[in-house]
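# Residue-level structure breakdown
What follows is the residue order along each chain.
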Amino acid sequence: MLISTRGRYALRVMIDLAEIGKDTYVPMKTIAERQGISLKYLERIIPVLKKNGIVEGVQGKGGGYRLCRKPQEYKVGEILRLTEGGSMAPVQCLSCDATPCERRSECRTIAMWNELSRQINDYLDNITIADLMRKSDQQCPVEESAQDSHPSLAKNADMSINS
């Protein structure tokens, strides 16, 4: 699984809007400038967020975009599934639009891929935009508990989501 630029930028937009506050509309141009993202690229990301009720927008003077909910009510997994096409599957055969695999009944790795997919989704669904608003040099709260329950993750602690 590789998170695209679209997914990463959507998270940056969400953090930017959350830091401004729920009551303030922010023009797309302002977001683009603050985040160093091209306006054209944002014009492809923000409508997806708006269409799915993640942000709301107002046109005209004083218009722009703002969050619809509190930052702690947005799960990273929700944002990434919207911007990544609905699936966070680690392999193609588990993606939402995959053609059923003719070898699935005899596949010796499917259980492993299903478990990895579950762990990825659980991890991302336990991180909120509010969590990401904290300083980037702090360890993600989910990461600490994951390392305690999965010793193999402790070896890879330097590969945090902040990288």
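Structure: see above.
Residues numbered from 1 in each chain as written. Predicted model: local features only at pLDDT ≥ 70, side-chain atom pairs only at ≥ 80, totals over all residues. Heavy atoms only, no water.

### Quick word on the overall build of the protein chain
Rule in force here: In DSSP terms, a helix is any run of H or I states spanning at least four residues, a strand is any run of E spanning at least two, and both are numbered starting from the N terminus. Accessible area is worked out with a 1.4 Å probe on protein chains only. A residue is then buried under 20% of its type maximum, exposed over 50%, and partly exposed in between. Two residues form a contact once any of their heavy atoms are found within 4.5 Å. Reported accessibility uses the Shrake-Rupley method at a 1.4 Å probe radius. Residues are deemed covered only where the shown protein chains occlude them.
Looking only at helices and strands, the protein chain has 8 helices and 2 strands in total. Ordered by position from N to C terminus, the α and β elements of the protein chain give α-α-α-β-β-α-α-α-α-α. A burial count over the protein chain gives 36% of its 163 residues as buried. A fraction of 59% describes how many contacts in the protein chain between residues 6 or more apart in sequence connect residues 24 or more apart. Carbon and sulfur atoms form 50% of the exposed surface of the protein chain, whose accessible area is close to 10,100 Å².

### Examining the packing of aromatic side chains
Rule in force here: A pair of Phe, Tyr and Trp rings is counted when the ring centres sit within 6.5 Å of each other, with Trp represented by its six-membered ring. The angle between the planes then sorts it: under 30 degrees is stacked, over 60 is edge-to-face, the rest tilted. Remark: a charge is flagged as sitting over a ring if the NZ atom of Lys or the CZ atom of Arg is within 6 Å of the ring centre and within 35 degrees of the ring normal.
Under the defined criterion, the tally for this structure stands at 1 aromatic pair. Their ring planes at 85° and their centres at 5.4 Å tell us that Tyr9 and Tyr41 sit as a pair that is edge-to-face. Taken together, the residues span a long stretch of sequence, with Tyr9 in helix H1 (residues 5-20) and Tyr41 in helix H3 (residues 39-51) at a distance of 32 residues. The aromatic ring of Tyr74 is capped on one face by Arg69, whose charged end is 4.2 Å from the ring centroid.

### Digging into the nonpolar core
Spelled out, the test is: Nine residue types can take part in a nonpolar core, namely buried Ala, Val, Leu, Ile, Met, Phe, Trp, Tyr and Cys, and a core is a set of them joined through side-chain atoms within 4.5 Å.
Within the largest apolar cluster, 31 residues are counted, with the highest numbers of intra-cluster contacts made by Met14, Leu17, Leu42, Ile46, Leu49, Val55 and Ile79. Elements with a contribution of two residues or more to this core: H1, helix H2 (28-35), H3, strand S2 (64-67), helix H4 (76-83) and helix H5 (110-124). If one sorts the elements of this core by residue count, H1 sits on top with 8 residues. Look past the residues within four positions of Leu49 in its chain and what remains in contact with it is Val13, Met14, Ile54, Val55, Ile79 and Thr83.

### Section: H3
Just so we agree on the cut-off: Helix span, as expected, comes to 1.5 Å for every residue beyond the first.
In a regular helix each residue adds 1.5 Å, so 13 residues correspond to 18 Å; H3 covers 18 Å between its end C-alpha atoms and thus fits that length. All of the buried residues along H3 are Leu42, Ile45, Ile46, Val48 and Leu49. Gly53 sits one or two residues past H3 and shows a positive phi near 70°.

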